Amino acid sequence: PPGFNKDAVEAYPVMYLMDGQNLYATHGDGDGRATWRVDDVVSSMIANGEIPPCVVVGLDHSGEFRSLDYLPFPPATTARRRGRGWCSEGPPS
């Protein structure tokens with residue numbers, strides 16, 4: 001945020017965002033896709049008083065194993081196949 005000093009005593013809220021390789025305007029994901037421009041959006045929101053000054057931490061994903069970043073079980077396991085029905089049927093009683 002504006003005025004940030006890593007040696008200062010002041011603490012800032014922290015926003016953790018997944019897929020960090022896509023967040024910042026000066027970086028791309030290597031596939032030619034646009035970034036999310038989080039640096040521009042957050043700076044604008046801070047300047048407009050929409051959010052307090054904060055630190056944004058971007059966590060890169062694991063490439064082809066990205067689903068392991070989000071799932072509590074390995075992909076294509078019995079647990080995952082059973083979980084697919086929850087979206088339409090709800091969890092088992």
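Residues numbered from 1 in each chain as written. Predicted model: local features only at pLDDT ≥ 70, side-chain atom pairs only at ≥ 80, totals over all residues. Heavy atoms only, no water.

**Quick look at helix H1 (residues 38-47)**
Every buried residue of H1 is listed here: Val38, Val42 and Ile46. End-on, the buried residues of H1 take up no more than an arc of 60 degrees, which puts them together on one face. Turning to H1, the residues buried within the fold contact strand E1 (14-18) and strand E2 (55-59). Following H1 by one or two positions, glycine 49 adopts a phi angle in the positive range, close to 75 degrees. (Buried < 20%, exposed > 50% of the residue type's maximum accessible area, 1.4 Å probe, protein only. Helix = DSSP H or I, 4+ residues; strand = E, 2+ residues; numbered from the N terminus. Arc of directions from axis to C-beta. Contact = heavy atoms within 4.5 Å.)

**With respect to the nonpolar core**
If you look at the biggest cluster of nonpolar residues, it comprises six residues: Leu23, Val38, Val42, Ile46, Ile51 and Cys54. Not counting chain neighbours up to four residues away, the residues in contact with valine 42 comprise Met15, Ile51, Cys54 and Val56. (Core = buried A, V, L, I, M, F, W, Y, C linked by side-chain atoms within 4.5 Å.)

**Focus on the environment of tryptophan 36**
Note that tryptophan 36 resides in the loop between E1 and H1. Here tryptophan 36 falls in the partly exposed class, since its relative accessible area comes to 45%. Residues tryptophan 36 and asparagine 22 lie 14 residues apart in sequence; the distance between their C-alpha atoms is 5.9 Å.

**A closer look at the packing of aromatic side chains**
Applying the stated criterion to the full structure yields one aromatic pair. For the pair phenylalanine 4 and tyrosine 12, a centre-to-centre distance of 5.6 Å together with 55 degrees between the ring planes defines the contact as tilted. Judged by relative accessible area, which is 17%, tyrosine 12 ranks as buried. (Phe/Tyr/Trp six-rings, centres within 6.5 Å; stacked < 30°, edge-to-face > 60°.)

**Some details on the environment of glycine 20**
Looking at where glycine 20 falls in the secondary structure, it is placed in the loop between E1 and H1. For the pair glycine 20 and valine 38, spaced 18 residues apart in sequence, the C-alpha to C-alpha distance is 9.8 Å.

**Section: the pattern of salt bridges**
Applying the stated criterion across every chain yields a total of two salt bridges. We note a salt bridge from arginine 37 to aspartate 40, for which the minimum N-O separation is 2.6 Å. Given a relative accessible area of 42%, arginine 37 falls into the partly exposed group. Taking relative accessible area as the criterion, aspartate 40 reaches 35% and is therefore assigned partly exposed. (Salt bridge = Lys/Arg side-chain N within 4 Å of Asp/Glu carboxyl O.)

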